[in-house]
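Observations on the three-dimensional arrangement
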Amino acid sequence: MKVLVPVKRVIDYNVKVRVKADGSGVDLANVKMSMNPFDEIAVEEAIRLKEAGKAEEVIAVSVGVKQNQETLRTALAMGADRAILVVAADDVHTDIEPLSVAKILKGIVDEEQPGLVLCGKQAIDNDMNATGQMLAALLGWSQGTFASEVNVEDDHAVVTREVDGGLQTIKVAMPTIVTVDLRLNEPRYASLPNIMKAKRKPLDEKTPADYGVDAAPRLEILKTEEPEARAAGIIVGSVDELVEKLKDAGAV
Amino acid sequence: MQFGLSQEQEMIVETVRSFVEHEIYPHEAEVERTGTVPVELGNEIKQKCIDLGFYACNFPEEVGGAGLSHFDFTLVERELGRGSMALTHFFGRPQNILMACNDEQRERYLLPAVRGERMDALAMTEPDAGSDVRGMKCQAVKDGDDWVVNGSKHFISGAEHADFFIVFIATGVDETPKGPKKRITTFLVDRDTPGFDVRHGYNSVSHKGYKNYILSFDDCRLPQAQVLGEVDGGFAVMNEWLYATRLTVAAFSVGRARRCFDMALNYSAERKQFGQPIGKFQGVGFQIADMITEIDAADWLTLSAAWRLDEGLPSNREIASAKLYASEMLARVTDTTLQIYGGMGLMDDFPIERFWRDARVERIWDGTSEIQRHIISRDLLRPLGA
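Residues numbered from 1 in each chain as written. Chains lettered and ligands numbered in written order. Predicted model: local features only at pLDDT ≥ 70, side-chain atom pairs only at ≥ 80, totals over all residues. Heavy atoms only, no water.

**Looking at the overall build of chain A**
Test applied: Helix and strand assignments come from DSSP, with helices taken as H or I runs of at least 4 residues and strands as E runs of at least 2, each series counted from the N terminus. Burial classes follow relative accessibility: with a 1.4 Å probe on protein chains only, a residue under 20% of its type's maximum area counts as buried, one over 50% as exposed, and anything between as partly exposed. Residues are treated as being in contact if the distance between any of their heavy atoms lies within 4.5 Å. Values of accessible area rely on a 1.4 Å probe in the Shrake-Rupley scheme; residue burial ignores everything except the protein chains shown. In this tally, Lys and Arg are treated as positive and Asp and Glu as negative; His is ignored, and so are the chain termini. For charged residues, the charge sits on one atom: NZ in Lys, CZ in Arg, CG in Asp, CD in Glu.
What chain A contains, in helices and strands, is six helices and eleven strands. Along the first, second and third principal axes, the C-alpha atoms of chain A reach 65 × 45 × 40 Å. Within the span of chain A, comprising 252 residues, buried residues form 47% of the whole. A sequence separation of at least 24 residues applies to 72% of the contacts in chain A between residues at least 6 apart. By element, 50% of the accessible surface of chain A is carried by carbon and sulfur atoms, the whole surface being about 13300 Å². The positive charge centre, built from 30 side chains, and the negative charge centre, built from 41, are 4 Å apart in chain A.

Shown next, in the form of structure tokens:
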């Protein structure tokens, strides 16, 4: 079985985000970019499936700008076998919308015929939480979203989902799409031998046109705003004082 | 000329930095408070490094290392410099000098060291022989097939966890116009050798938990098989293999300075006095500007010296410049950062006071700033006959 893992290049989670002066989005020029943390978890899970003998090949895919190559090399250094880069934009500020990404991924799935697509539940940049679900719809496949545990059997997979207020365990028919949540695993560091090997692993470059997809944006961002600054807290001297303050604030 | 890193190098940097941030930072405060690294923690860090193939990455592939170039290894050291030295010690970089092992010594020392089974420590300094290495008193006298060693060494880092020591010992004396100079031989000394003792050294303000030890030899018998390299060849071994250790200090200083700087920068942007972020006051803003300029300069000086070493170009002076400038830069950066933090900078709630204390030793060990200046000036003046 092949496992396909789509990975997105996003602003690093440690970077303090700055809104561009014109409000059209977040400033990404000269900012550290990394693999979306949820996608890292997906890559890790795919590699574990391979190590467990349940998958033969792990293919990492990224749709975006040329620089996404770095993100794919990271996936290769973690242990993915090969990579496909779909260059859909020149400007790092161009965000390829979920539907376009899902359509491109469908083209890749048609070509590669993976038995499983593992992707992050959402990207930490715009939190769309849509690509995996859209891909399932386009393919007519089953889906298990927000996975905190995945067990792949021959013709089905058992997926534990983190839903509001608890866990839900579902059985989905293979091939399937699983979007992964934070607690599924802890991604590994790239080992030094794998870092050195990553460059020699194949990385194919494609365009949306290769899959008959027009990746032009359909959505328009009207405004991007920074969240309101939090008011400073206070340090209380005792439990009594804390209770009193909470009472004053109408919290208890 | 090209200044960027390759993708592999970028990934090495990112991986080591991430390792330090996630596996080292969380334990630093505890190590600083207790002055010691729990055995289990040290072993855990070591095992993770072995699993990641980073352990002994400074060694060639044919002996089980990763075969990193001086440049790539300097990048590793730079990122490790961010973290506590007591903890990054377990990231395992055995002394390169072990490459001087003969076939039989390889099995006993070099290969187990590269595999992480035996840890090493290097011993040269004595109470009366610091920069003046050839003034050492610890001496070995030939007795049949053995050497009988008497004397002591101090300031020995890594001794706490070392299974064996690489020790420089006087084995003779040359009369020179400048007075007597000792001939020096390098010995491999197992920790449990009779007549050899390892004991606690001094309490240092720098690098708590990365303790220094005192070694003493009392009629300690070492068989000829313990000689590393040639008898009286200690200087040759030193010059071939210890030449580059100064780069480690330079790289450490750059990494540590960047961590410290990031704190200074963020604090200058967040801390408000008189109704504005303190970074907006030129007095602070200009300090930020000076700090990053010096850090970048030290970084390039260090990387270019490492590059020269890989290219086989003369690099003694360049390495000395990198060690000198980077360690002195770190002193200024940690001091300025502390000043920007004000009173809080002195409190151990923040790591700033620790960075400030740690920085002090970098200008002293692996050749003091004065020795580096001597090397640099001699390198320039000697060809002119001065």
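**So, the interface of chain A and chain B**
Selection criterion: Here the quantity called buried area is the accessible surface, traced with a 1.4 Å probe, that two parts lose on coming together, added over both. By definition, a salt bridge exists where a carboxyl oxygen of Asp or Glu is found within 4 Å of a side-chain nitrogen of Lys or Arg. Under the rule applied, a polar contact is a pair of N or O atoms within 3.5 Å (in protein, one hydrogen donor and one hydrogen acceptor; residues adjacent in sequence only if both atoms are side-chain atoms).
The interface is formed by 17 residues belonging to chain A together with 17 residues belonging to chain B. For the pair chain A and chain B, the summed buried surface comes to about 1500 Å²; carbon and sulfur atoms form 60% of the total. Scanning the region where chain A abuts chain B turns up two salt bridges. Lys32 of chain A is the partner of Glu14 of chain B in a salt bridge, and the nearest nitrogen-oxygen pair spans 3.4 Å. Remark: the boundary between chain A and chain B carries five residue pairs in polar contact (both at pLDDT 80 or more). Contributing elements (two or more residues each) for the side of chain A that touches chain B: helix H2 (68-78) and helix H5 (192-198) of chain A.

**So, the pattern of salt bridges**
Pairing between side chains of opposite charge can happen when their charged atoms approach one another. Applying the stated rule across the entire model yields 49 salt bridges over all chains. The residue Arg82 of chain A makes a salt bridge to Glu112 of chain A at a minimum N-O spacing of 2.6 Å. Placement of the pair is Arg82 of chain A in strand S5 (residues 82-87) and Glu112 of chain A in helix H3 (residues 98-112), with a sequence separation of 30 residues. A salt bridge links Arg118 of chain B to Asp190 of chain B, with the shortest nitrogen-to-oxygen separation between them at 2.8 Å. Residue Arg118 of chain B is located in the loop between helix H5 (103-115) and strand S1 (120-123), and its partner Asp190 of chain B is located in strand S5 (residues 179-190); the two are separated by 72 residues in the primary sequence.

**Considering helix H11 (residues 352-362) of chain B**
Extensive coverage of H11 of chain B is indicated by the burial of nine of its eleven residues. At its buried positions, H11 of chain B is contacted by helix H1 (7-34), helix H7 (245-270), helix H9 (316-341) and helix H10 (343-346) of chain B.

**Comments concerning the domain arrangement of chain B**
Residue and element names in this part refer to chain B. To keep things clear, this is the line we draw: The source of the domain bounds is an automatic or database domain assignment. Throughout, the ten residues Ala, Val, Leu, Ile, Met, Phe, Trp, Tyr, Cys and Pro are labelled nonpolar, Asp, Glu, Lys and Arg are labelled charged, and all others, Gly among them, are labelled polar.
Each assigned domain of chain B is listed here: domain 1 (7-93), domain 2 (120-239) and domain 3 (244-384). If you average the C-alpha positions of domain 1 and of domain 2, the two centres end up 27 Å apart. Every contact between the two is made by nine residues of domain 1 and, on the other side, eight residues of domain 2. For the pair domain 1 and domain 2, the summed buried surface comes to about 810 Å²; carbon and sulfur atoms form 61% of the total. For the pair domain 1 and domain 2, the number of links is zero salt bridges. Where domain 1 packs against domain 2, one counts one residue pair in polar contact (both at pLDDT 80 or more). Among the elements of the structure, H1 and helix H4 (85-88) are those that each provide at least two residues to the side of domain 1 that touches domain 2. For the side of domain 1 that touches domain 2, the class distribution of residues is five nonpolar, three polar and one charged.

**Regarding the UniProt feature "domain: Acyl-CoA dehydrogenase/oxidase N-terminal" (unreviewed entry) in chain B**
Defined as follows: UniProt positions are given in the numbering used here, feature names are shortened, and annotations may be inferred rather than shown by experiment.
If you check UniProt for "domain: Acyl-CoA dehydrogenase/oxidase N-terminal" (unreviewed entry), the listed places come out as residues 6-117 of chain B in our numbering. A distance of 32 Å separates the end C-alpha atoms of residues 6-117 of chain B, which is 62% helix and 0% strand.

**Concerning empty space enclosed by the protein**
Residue and element names in this part refer to chain B. We apply this condition: A 1.4 Å probe that fits but cannot get out identifies a cavity on a 1 Å grid over protein atoms alone, an open set with protein on both sides within 12 Å along at least five of seven lines counts as a pocket, and a residue lines either if it has an atom within 4 Å of a point. Grid points are joined across faces, edges and corners, and a volume is the space filled by probe spheres set on the points.
Taken as a whole and assessed by the stated rule, the structure comprises two cavities of 30 Å³ or more. Reported here for the largest cavity is a volume of approximately 50 Å³. Around the largest cavity sit Ala86, His89, Gly158, Ala159, Glu160, His161, Gly209, Tyr210 and Lys211, which together line it. Class assignment of the residues belonging to the lining of the largest cavity gives a composition of three nonpolar, four polar and two charged. Elements with a minimum of two residues in the lining of the second largest cavity: H4 and H11. Split by domain, the lining of the second largest cavity shows at least three residues from each of two domains, domain 1 (7-93) and domain 3 (244-384).

**Topic: helix H12 (residues 369-381) of chain B**
Residues and elements named next belong to chain B. What counts, and what does not: For a helix, the expected span equals 1.5 Å multiplied by the residue count minus one. It is the directions from the helix axis to the C-beta atoms that the arc portrays.
Under the 1.5 Å per step criterion, the end-to-end length of H12 is 18 Å for 13 residues, consistent within 8% with the ideal 18 Å. Burial in H12 covers these residues: Ser369, Gln372, Ile375 and Ile376. All buried residues of H12 project into a common sector of 120° when viewed along the axis, lining one side. Where H12 is buried, its residues meet H7 and H9.

**What to know about the packing of aromatic side chains**
Operational definition: Only the six-membered ring of Trp is used, alongside the rings of Phe and Tyr, when aromatic pairs are assigned; centres must lie within 6.5 Å, and planes under 30 degrees apart are stacked while those over 60 apart are edge-to-face, with the rest tilted. Geometrically, a lysine NZ or arginine CZ counts as sitting over a ring once it is within 6 Å of the ring centre and also within 35 degrees of the ring normal.
With the rule as written, the count across this model stands at 13 aromatic pairs over all chains. Ring geometry for Phe19 of chain B and Phe91 of chain B: centres 5.4 Å apart, planes at 75°, overall edge-to-face. Here Phe19 of chain B is found in helix H1, whereas its partner Phe91 of chain B is found in the loop between H4 and H5, with 72 residues between them in sequence. Across this residue pair, the class does not change: Phe19 of chain B and Phe91 of chain B are buried. Through a chain of ring-to-ring contacts, the aromatic side chains of Tyr189 of chain A together with Phe19, Phe54 and Phe91 of chain B assemble into a single cluster. Above the face of the Tyr25 of chain B ring, Arg259 of chain B is positioned so that its terminal group lies 3.6 Å from the ring centre.

**Some remarks on the confidence of the model for chain B**
All names here are of chain B. Operational definition: pLDDT is a per-residue confidence score from the predictor, ranging from 0 to 100.
When pLDDT is averaged along chain B, the result is 95; 100% of the residues meet or exceed 70. Across chain B, H9 holds the top mean pLDDT of 98, while helix H6 (residues 234-241) sits lowest at 86. Interface confidence for the predicted complex, expressed as ipTM, amounts to 0.85; the pTM equals 0.90.

**Considering the nonpolar core**
Just so we agree on the cut-off: In plain words, nonpolar cores are sets of buried Ala, Val, Leu, Ile, Met, Phe, Trp, Tyr and Cys residues tied together by side-chain atoms within 4.5 Å.
Core analysis: the biggest nonpolar cluster contains 90 residues, and Val5 and Leu118 of chain A together with Phe54, Val76, Leu98 and Leu110 of chain B have the highest contact counts within it. Per element, the largest residue contribution to this core is seven residues, and it comes from H1 of chain B. Inspection of this core shows a minimum of three residues originating in each of domain 1 (7-93) and domain 2 (120-239) of chain B. Excluding residues within four positions of it along the chain, Val76 of chain B makes contact with Ile12, Val16, Phe54, Cys57, Leu68 and Phe91 of chain B.

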